[in-house]
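# Overview (structure and organization)
What follows is the residue order along each chain.
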Amino acid sequence: MNAYNHLTYKFQTKTAEIGVIGLGYVGLPLCMEMAKGGFTVYGIDLDVRKVESLQRGQSYIQDVPNEEVAKAIESGRFIPTDDYHTVQKLDAISICVPTPLSENQDPDTSYIQSVVREIKKNLKRGALIILESTTYPGTTEELIQFELEAQGLKVGKDFFLCFSPERVDPGNPKFNTYNTPKVIGGTTEACINLGVALYSHVVKDVVPVSSPKVAEMSKLLENTFRSINIAFINEMAMMCDKMDIDVWEVIKAASTKPFGFMPFYPGPGIGGHCIPLDPMYLSWKAKEFRFYSKFIELAQSINDNMPEYVRYKASQVLNTYAKSIRNSKILILGMAYKPDVDDLRESPGLELYELLRESGAYVDYYDPHAISFRDKEDHTVQSVDYDLSAFAKYDCMVLITNHRCFNNRELAELGVPIIDTRNAFVDIEADNIYKLGTGIRGQEVKLAVGV
């Protein structure tokens, strides 16, 4: 029996041993689905604290309950480890490591390259390798196929290779790893067939495409589309601010059109593991072909500057109370990049925190989900406790994240000026609420005449 038929049989009978390298927001949920699908899964991560936590049945990912990890451990189908020698026994490997940007906004593929070095030393002949980390078109061939073939191995014969982009949306109550359609592209027909054979036991719907490059590009298209549209509506918000028009009401009105319009919403900036990074991977790779994407670069610039716009908005609001940012006490409400999660990756609140401090403000934050973070000086910053009497003493508050647990009416009744970047106070009429993208001239007049 050749390698292809042997691996096909092992996937069909669920006797294949699977490995997932990188046990973060993508890798750990994938491990759980593979274990539930009937496979024995080795979760590999060099962070010993993560491995030990999982071995105790304790999750550090909000979307993966402790009970789910404990059940997988007890069943013997999930084995966390920090030992790369485990790769030697694996029939399939999914790579789920970070792909950040460098300080120069260039792709940092060092985590993938590190994993490939370990795979080269330990790969089992005939194994399937699936890269899930978001990256530029061509990465799968350039960083994995070429490296393994340089050792004398042949893709489609000695090993099989696919790319299947992760589509994790932390905190999404409706879509998860199992029920989000999974795109997958292989370097040969045998590779794609094996990728589909494995993942069809793990997720509800598998969407095969013709090549890894198509799969890589599809993920970048998804998030570049969002980045550009968010940038456009952010610019509309700034325009409406100047024109003293409520952008939120404008969006609501436009959304009544039953065709040809899709609503996007402004905010203090973009965060998370995808939208702030993925478009720059595409822009960087396009330059290799002497193609310069003005849309991508412009959208990135607008979105990156939204925290500065919020700082300016805070300055405007404080000026209406005859105060400046310098020496003002400012409370940021919410620090996570999206509601009801603890995920701080690329959160615009982190940048706003630094900008306000650089302007001379005394800045605190409250977030019951993200209880601490490291600032630019590598100091730990802790969330303050929920204390209305203490909140009332701030000069202004800036809502960054619209957590459902926030009692917005209670906060509004304190009378402290609130810059609302998410339209969270839409149902509350109060002179101390200043929404992003609405202008403040009307409220300035009221304050000036003492109304």
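Criteria and cut-off values
- Residues numbered from 1 in each chain as written.
- Predicted model: local features only at pLDDT ≥ 70, side-chain atom pairs only at ≥ 80, totals over all residues.
- Heavy atoms only, no water.
- Helix = DSSP H or I, 4+ residues; strand = E, 2+ residues; numbered from the N terminus.
- Rg over C-alpha atoms; globule rule 2.2 N^0.38 Å.
- Buried < 20%, exposed > 50% of the residue type's maximum accessible area, 1.4 Å probe, protein only.
- Contact = heavy atoms within 4.5 Å.
- Areas by Shrake-Rupley, 256 points an atom, 1.4 Å probe, with all protein chains shown as cover.
- Pairing = 2+ DSSP bridges.
- Right-handed = clockwise from strand over helix to strand, strands pointing away.
- Axes fitted to C-alpha atoms, helices over the stretch in contact; angles between N-to-C directions.
- Patch = residues over 30% accessible without salt bridge, like charges linked within 9 Å, V, L, I, M, F, W, Y side chains within 5 Å.
- Salt bridge = Lys/Arg side-chain N within 4 Å of Asp/Glu carboxyl O.
- Phe/Tyr/Trp six-rings, centres within 6.5 Å; stacked < 30°, edge-to-face > 60°.
- Lys NZ or Arg CZ within 6 Å of the ring centre and 35° of its normal.
- Core = buried A, V, L, I, M, F, W, Y, C linked by side-chain atoms within 4.5 Å.
- UniProt positions renumbered as here; feature names shortened; annotations may be inferred.
- Polar contact = N/O pair within 3.5 Å; in protein donor to acceptor, adjacent residues only side chain to side chain.
- Parallel < 35°, antiparallel > 145°, perpendicular 65-115°, else oblique.
- Left-handed = near helix turned anticlockwise from the far one by under 90°.
- Nonpolar A, V, L, I, M, F, W, Y, C, P; charged D, E, K, R; others polar.

By the naming in an unreviewed UniProt entry, the protein chain goes by Nucleotide sugar dehydrogenase and is assigned to Paenibacillus filicis.

Glancing now at the overall build of the protein chain. Per the secondary structure count, the protein chain includes 16 helices and 15 strands. A globule of 451 residues ought to have a C-alpha radius of gyration of about 22 Å, and the protein chain, at 25 Å, matches this closely. When its C-alpha atoms are laid out on the principal axes, the protein chain stretches across 85 × 50 × 45 Å. Here the protein chain holds 451 residues, and the buried ones make up 53% of them. For the protein chain, long-range pairs separated by at least 24 residues make up 69% of all intrachain contacts whose partners lie at least 6 apart in sequence. Summed over its atoms, the accessible surface of the protein chain is roughly 20900 Å², and 52% of this surface lies on carbon and sulfur atoms.

This next bit is on the pairing of strand β9 (residues 329-333). Most of β9 is tucked away: four of the five residues are buried. Taken together, the five bridges between β9 and strand β10 (residues 362-366) define a ladder with parallel strand orientation. Counted as the bridge partner of Leu-333 is Tyr-366 from β10. Handedness of the β9-helix α13 (residues 348-358)-β10 crossover: right-handed. Direction of pairing for β9 relative to strand β13 (residues 396-399): parallel, over a ladder of four bridges. Paired with Ile-332 across the two strands is Val-398, which belongs to β13.

Attention now goes to the sheet that holds strand β6 (residues 159-163). Within the open sheet, the eight strands sit side by side as β3-β2-β1-β4-β5-β6-β7-β8. Their pairing is mixed. The open sheet terminates on both sides in strands that have one partner only, identified here as β3 (78-81) and β8 (206-209). Taking the axes of each pair of neighbouring strands and ignoring which way they run, one obtains an average angle of 25 degrees across the sheet.

On the surface, a cluster of nonpolar side chains totalling about 330 Å² of accessible area is made up of Met-239, Met-243, Ile-245 and Val-250. Within the secondary structure, Ile-245 is located in the loop between α8 (212-243) and α9 (247-254). Look at Ile-245 and you get partly exposed, because its relative accessible area is 34%.

So, about the packing of aromatic side chains. Inspection of every chain in the model, using the stated rule, returns 13 aromatic pairs. Aromatic rings pair up to connect Tyr-366, Tyr-386, Phe-391, Tyr-394 and Phe-406 into one cluster. The ring of Tyr-199 has Lys-182 sitting right over it, with the charged end atom 5.3 Å from the ring centre.

Relative to the elements of secondary structure, Ala-197 occurs in helix α7 (residues 189-199). Ala-197 sits in the buried class, given a relative accessible area of 19%. Residues Ala-197 and Thr-8 lie 189 residues apart in sequence; the distance between their C-alpha atoms is 6.9 Å.

Okay, the nonpolar core next. Phe-11, Leu-128 and Leu-198 are the most contacted members of the largest nonpolar core, which totals 73 residues. With seven residues, α7 is the largest single contributor of residues to this core. Once residues within four sequence positions are removed from consideration, Leu-198 is found in contact with Phe-11, Ile-18, Met-34, Phe-39, Ala-92, Leu-128 and Ile-130. In this structure, Met-306, Ile-330, Leu-352 and Ile-419 belong to the second largest nonpolar core, which totals 29 residues.

Attention now moves to the UniProt feature "domain: UDP-glucose/GDP-mannose dehydrogenase C-terminal" (unreviewed entry) in the protein chain. The positions that UniProt labels "domain: UDP-glucose/GDP-mannose dehydrogenase C-terminal" (unreviewed entry) are, in the present scheme, residues 331-427. Here residues 331-427 runs as 21% helix and 22% strand, with 22 Å between its end C-alpha atoms.

Attention shifts here to the side chain of Thr-438. With respect to the element layout, Thr-438 can be found in the loop between β15 (433-435) and α16 (441-449). Owing to a relative accessible area of 11%, Thr-438 belongs among the buried residues under this scheme. A distance of 2.7 Å separates a polar atom in the side chain of Thr-438 from the backbone oxygen of Lys-435. Those residues in contact with Thr-438 that sit more than four places away from it in its chain are Cys-240, Asp-241, Asp-244, Ile-245, Asp-246, Trp-248 and Lys-313.

Here the focus is the environment of Ala-424. Looking at the element boundaries, Ala-424 is found in the loop between β14 (418-420) and β15. Once the C-alpha coordinates of Ala-424 and Pro-348 are considered, the two residues, 76 residues apart in sequence, prove to be 17 Å apart.

What follows is about the packing of helix α2 (residues 27-36) against helix α4 (residues 66-75). When two helices pack together, their arrangement is given by the angle between the helix axes and the distance between those axes. Two elements in contact, α2 and α4, have axes separated by 10 Å at closest approach and are oriented at 50 degrees. In terms of orientation, α2 lies oblique with respect to α4. Crossing of α2 over α4 shows left-handed handedness. Along the contact surface, α2 presents Met-32, Ala-35 and Lys-36, while α4 presents Glu-68, Val-69 and Ala-72. Grouping the amino acids of the contact of α2 with α4 by side-chain chemistry returns four nonpolar, no polar and two charged.

This brings us to helix α10 (residues 278-287). The buried fraction of α10 amounts to eight of the 10 residues, a majority that puts the element mostly inside the structure. The set of residues buried in α10 consists of Asp-278, Pro-279, Met-280, Tyr-281, Leu-282, Ser-283, Lys-285 and Ala-286. Residues of α10 that are buried make contact with α6 (139-149), α8 and α11 (294-304).

Let's shift gears to the sheet that holds β14. Here five strands make up an open sheet; going across it, the order is β10-β9-β13-β14-β15 and the pairing parallel. What marks the edges here is a single partner per strand, and that holds for β10 and β15. Looking at each pair of strands side by side, their axes are set apart by 25 degrees on average, direction ignored. Against the sheet, α13 touches β9, β10 and β13, its axis set at about 180 degrees to β9.

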